[in-house]
Amino acid sequence: MPPPAARSSKQGIRAVAAEAGVSIASVSRALNNPNSVSAPLRIRIAEAVERVGYIPHAPARELSSRRSFTLGAIVPTIDNTMFARGIASLQKYLSSVGYMLFLTTSGYDLDVELQQARNLISRGVDGLVLRGDCHHEGLPKMLADYAIPFINVGVYRPDRPYPCVGADNEGAAHRAAMHLIELGHRKIGIVSALRRNNDRASARVAGFHRAFTENGIPIRSDWHVEVPYTLDDAREAARHLLSLRERPTGVVCGNDVIAYGVLLEAERSGFSVPRDLSVVGFDDLDWSRHLRPSLTTIQVPTGATWQRAGEYLVRRLAGEQTIMHHEVDYSLIVRESTAPPRLSKQQGK
């Protein structure tokens, strides 16, 4: 006699098949390999599963298909709004194709990221979504040994042998700095994210520097502050820049949260944006268009980027042809926080 779990599983599948008006084989295919059935049929069976209240037996599915239909994602932190937005889009897409998402964080520590990858593999994930292309040297080898496909999200590195989807961070940052230069600014400060173990932050700083160098603008170490992604740290950085005897007339920021901190501190210190200080962000978070002044920033389609990462892995796991390197577009959104520098700019107030 089969064990209770097996009996209840078979009975459950029969009930779902009867509810949906399809064969047991169709239900099995929809549950074990969602891409093998049409979208309308998959939705019809999913609705029947919901009405019947059937919970597929995960170990049985894994034995029959050698897949768990789960993906893992390792992000540096969930404090960053961009990661939350991206994970939400990834989760929504995966749910629509019958996959589950496991989420862990690394705290920008490569050793922790490696351990989290081990943990996810031990729990049977079929693939991994990783942030950026800066990882422990042992991570790619481990994933290859266990035949776990992965994709780096948030970067575009066609020169690398690993799949990726993201914007050209250096090019986007170059465009942000060029906006201030085109307005006439020559004294430009930088408030960036911490660059250690963060190739996106490093690429953005490289883009700022390239714009400066191309236009004969000095790169001043006292006008560059690296901070964590918090308002408090960004405000402290702005306080430093605005207190200098010779201060910048414009500031380019590593992301929008940092830019918010610069805007807040400028106002608190009695400076007017953009009359006394122009500020450019990066990411175009929801608040950026609602602030007063609204924030000039670089827009990157975060939701679409993370969804594409999920699509890549799902298609790869289904044996379909995939594109290894995918570049997403960015654009400069000009709002109220930038303007030409005043001719009477002096050292400070």
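Predicted model, so just to flag it, every value in this text is computed and none were measured. Sequence order sets the numbering: in each chain, residues are counted from 1 along the sequence as written. Residue-level local features of this predicted model are given only where pLDDT is at least 70; pairs of side-chain atoms are given and counted only at 80 or more, and the full residue set underlies all totals for whole chains, interfaces and linings. Heavy atoms throughout the structure, all of them, feed into the side-chain values; hydrogens and water do not.

Trainee: Can you lay out the nonpolar core for me, pointing to particular residues and giving the numbers?
Mentor: In this description, a nonpolar core means a group of buried Ala, Val, Leu, Ile, Met, Phe, Trp, Tyr and Cys residues linked to one another through side-chain atoms lying within 4.5 Å. Note on classification: 1.4 Å probe, protein chains only; a residue is buried when its accessible area is under 20% of the maximum for its type, exposed when over 50%, partly exposed between these limits. Core analysis: the biggest nonpolar cluster contains 43 residues, and Leu94, Tyr99, Val129, Val252 and Trp306 have the highest contact counts within it. For the purposes of this entry, the term helix denotes a DSSP run of H or I that reaches at least four residues, the term strand denotes a run of E that reaches at least two, and both are numbered from the N terminus. Considering each element in turn, this core owes the most residues, seven residues, to helix α8 (residues 169-183). Any two residues whose heavy atoms approach within 4.5 Å are treated as being in contact. Excluding residues within four positions of it along the chain, Val252 makes contact with Ala176, Ala177, Leu180, Ile188, Gly189, Ile190, Val191, Phe208 and Val280. Core analysis: the second largest hydrophobic core is formed by 29 residues, Ala238, Val251, Ala266 and Val273 among them.

Trainee: I'd love a proper account of the sheet that holds strand β8 (residues 250-253), names of residues and values included.
Mentor: Paired through their backbone hydrogen bonds, the strands of a sheet run either parallel or antiparallel. Pairing is parallel in the open sheet, where four strands are placed in the order β7-β6-β8-β9. Edge strands, defined here as strands with exactly one partner in the open sheet, are β7 (224-227) and β9 (278-280). Across the sheet, the mean angle from the axis of one strand to that of its neighbour is 15°, orientation sign disregarded. Across three bridges, the pairing between β8 and β9 is parallel. The residue of β9 that forms the bridge with Val252 is Val280. Its contacts with the sheet place α8 against β6 (188-193), β8 and β9, and it is angled at close to 170° to β8. Axis angles are defined between N-to-C directions and span 0 to 180 degrees, where every axis is a line fitted to C-alpha atoms and, for a helix, only to the segment in contact. The strands that helix α9 (residues 199-214) touches are β6, β7 and β8; relative to β6, the one it contacts most, it runs at about 170°. Paired strands, in this sense, are two strands between which DSSP finds at least two bridges.

Trainee: Explain the sheet that holds strand β1 (residues 70-75) to me, and be specific about the residues and the numbers.
Mentor: Across the sheet, six strands lie side by side as β2-β1-β3-β4-β5-β11; this open sheet has parallel pairing. Sheet topology places β2 (100-105) and β11 (325-327) at the edges, where each strand pairs with a single neighbour. Taking the axes of each pair of neighbouring strands and ignoring which way they run, one obtains an average angle of 15° across the sheet.

Trainee: Pulling in residues and values, what's your account of the packing of helix α5 (residues 81-96) against helix α12 (residues 302-317)?
Mentor: Between two packed helices, what matters for the description is the angle formed by their axes and the separation of those axes. Contact pair α5 / α12: the axes reach a minimum separation of 8 Å and the direction vectors enclose 40°. Considered as vectors, α5 and α12 are oriented oblique to each other. Of the two elements, α5 crosses α12, and the hand of that crossing is right-handed. In this structure, α5 contributes Met82, Phe83, Arg85, Gly86, Ile87, Ser89, Leu90, Tyr93 and Leu94 to the contact, and α12 contributes Thr302, Gly303, Trp306, Gln307, Gly310, Glu311 and Val314. Between 65 and 115 degrees an angle is taken as roughly perpendicular, under 35 as roughly parallel, over 145 as roughly antiparallel, and anywhere else as oblique. By convention, the crossing between two helices is left-handed when the near helix turns anticlockwise from the far helix through less than a right angle, and right-handed when the turn is clockwise.

Trainee: Tell me about α5, and please be specific about residues and values.
Mentor: Multiplying 1.5 Å by the helix residue count minus one yields the expected span of that helix. The end-to-end C-alpha separation of α5 is 23 Å, in line with the 22 Å expected for 16 residues at 1.5 Å each. For α5, the set of buried residues is Met82, Phe83, Gly86, Ile87, Ser89, Leu90, Tyr93 and Leu94. Looking straight down α5, one finds that the buried residues subtend no more than 160° of arc, so they occupy a single side. In this fold, the buried residues of α5 make contact with β1, β2, β3 (127-131) and α12. At the N-terminal boundary of α5, the capping side chain belongs to Asn80, with an oxygen 2.8 Å from the backbone nitrogen of Met82. The positive-phi residue at the C-terminal boundary of α5 is Gly98, with phi of around 80°. Arc definition: directions from the helix axis to the C-beta atoms. In the analysis that follows, any N or O atom pair within 3.5 Å is treated as a polar contact, provided that within protein one partner can donate a hydrogen and the other can accept it, and provided that, for residues neighboring in sequence, both atoms belong to side chains.

Trainee: Any details on unusual backbone geometry? Residues and values, ideally.
Mentor: Geometrically, the link from Val273 to Pro274 is a cis peptide bond, its omega value of 10° lying close to zero. Positionally, Pro274 belongs in the loop between α11 (256-268) and β9. We note that Asn197 has phi near 60°; this positive angle belongs to a residue other than glycine. With respect to the helices and strands, Asn197 occurs in the loop between β6 and α9.

Trainee: Break down the pattern of salt bridges for me, with residues and values.
Mentor: Close approach of charged atoms allows side chains with opposite charge to pair. In the sections that follow, a salt bridge refers to a side-chain nitrogen of Lys or Arg positioned within 4 Å of a carboxyl oxygen of Asp or Glu. Going through the model one piece at a time under the given rule, you end up with 20 salt bridges. Arg85 is paired through a salt bridge with Asp286; the nearest N and O atoms lie 3.3 Å apart. Of this pair, Arg85 sits in helix α5 while Asp286 sits in the loop between β9 and β10 (297-299), placing them 201 residues apart in sequence. Here Asp286 falls in the partly exposed class, since its relative accessible area comes to 47%. Linking Arg200 and Asp199 is a salt bridge whose minimum nitrogen-to-oxygen distance equals 2.6 Å. For the pair shown, Arg200 and Asp199 are each scored as buried. Three or more residues joined by partner-sharing salt bridges are found here, namely Asp133, Arg157, Asp159 and Arg160.

Geometry only, nothing functional implied.
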